[in-house]
Amino acid sequence: LCLQVPELAKATVRIRQPERVREIILALREQGVAKLQVISDFDMTLSRFGCNGRRCPTSHNILDTSRVISEDGKKKLKDLLHYYYPIEIDPNRTLEEKRPLMVEWWTKAHELLVQQKIHKSDIAQIVRESEAMLRDGFKEFFDQLHKNNVPLFIFSAGVGDILEEIIRQANVFYSNVNVVSNYMGFSDDGVLTHFKGPLIHTYNKNNTVLQGTGYFQQLSTRTSIILLGDSMGDLTMADGVPRVENILKIGFLNDKVEERRRKYLDSYDIVLESDETLEVVNGILRYILAE
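Calculation rules
Residues numbered from 1 in each chain as written. Predicted model: local features only at pLDDT ≥ 70, side-chain atom pairs only at ≥ 80, totals over all residues. Heavy atoms only, no water. Core = buried A, V, L, I, M, F, W, Y, C linked by side-chain atoms within 4.5 Å. Buried < 20%, exposed > 50% of the residue type's maximum accessible area, 1.4 Å probe, protein only. Helix = DSSP H or I, 4+ residues; strand = E, 2+ residues; numbered from the N terminus. Domains from an automatic or database assignment. Contact = heavy atoms within 4.5 Å. Buried area = accessible area lost by both parts, 1.4 Å probe. Salt bridge = Lys/Arg side-chain N within 4 Å of Asp/Glu carboxyl O. Polar contact = N/O pair within 3.5 Å; in protein donor to acceptor, adjacent residues only side chain to side chain.

1. Quick word on the nonpolar core
Counting 97 residues, the largest nonpolar core has Phe141, Ile226 and Ile284 as its most contacted members. The element that contributes the greatest number of residues to this core is helix α4 (residues 95–115), accounting for eight residues. Viewed by domain, this core spans two of them, domain 1 (6–49 + 134–289) and domain 2 (54–129), each represented by three or more residues. Leave out the neighbours within four places in its chain, and Ile284 touches Val5, Leu8, Ile25, Ile226, Leu248, Ile250 and Ile270.

What follows is the structure, encoded as structure tokens:
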């Protein structure tokens, strides 16, 4: 397979069942571009996890640490992160245990943000001043999909307004990109008053929050899927697809690599360990989309 996709020989790549992965990639190529769609998480999947030894911000972090948040607000949001993030990534807790706690975290964080009276007009500047970074190779990734009319569905538990602005400022917000996320609701004079429902957190990225969008129904002929995620919760993102013929699940293992490796290898077809690029994904796409 490395002959067709040389990027799979990278040191960051781990595959538990190489033969199975080979079959899926060949099937995706055989089915052709007209049947392909890409479903991806955003934070720490399309965006970078770290840079120069520092953590990169998620779309929530960008807001939490920006100049529009009071010092008291920043402290409270940070306290929430320190309490709930270890729960989110704890390999020893079940999803059943985690779900209500994630709802609690997101709800509290959103309530704190609403108290800050954030202005819609500040968002572009907040993103510009942030350290948000898309993964290396993002331009080729978005360009390839756009050029080949492959739908890209971004399913994010982050803040939709922020992540759309990141993509816009990177000049890759093309017509084939569709986002489902947590969007802010503003008053007539552009002040944040609430977050629109349904609430999307790390562990409910599935049909329950997609009802009424009908997105996957419109794409019912797109039965070949490449799924990109960085958490166990991202594995259900394709649940709304009416008919899946082939699915390749690629997981970015960014944090606590040793203790989470087994779980990721059991769940994702390809695991990319501490890899801040989209090189492997782009290599696979090049091979599938080649004439």
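2. Re the domain arrangement of the protein
By the assigned domains, the protein splits into domain 1 (6–49 + 134–289) and domain 2 (54–129). Taking only C-alpha atoms into account, the centre of domain 1 sits 21 Å from that of domain 2. Opposite the 33 residues of domain 1 that make contact, domain 2 presents 31 residues. Regarding the contact of domain 1 and domain 2, the summed buried area is about 2,900 Å², with carbon and sulfur atoms giving 68% of it. When the buried area of domain 1 at its contact with domain 2 is split by residue, Phe49, Ile162 and Tyr203 rank highest and sum to 21% of it. Where domain 1 touches domain 2, the interface holds zero salt bridges. There are 14 residue pairs in polar contact (both at pLDDT 80 or more) connecting domain 1 and domain 2. Those elements giving two or more residues to the side of domain 1 that touches domain 2 turn out to be β5 (152–159), α7 (160–169), β7 (184–186), β8 (192–195) and α9 (257–267).

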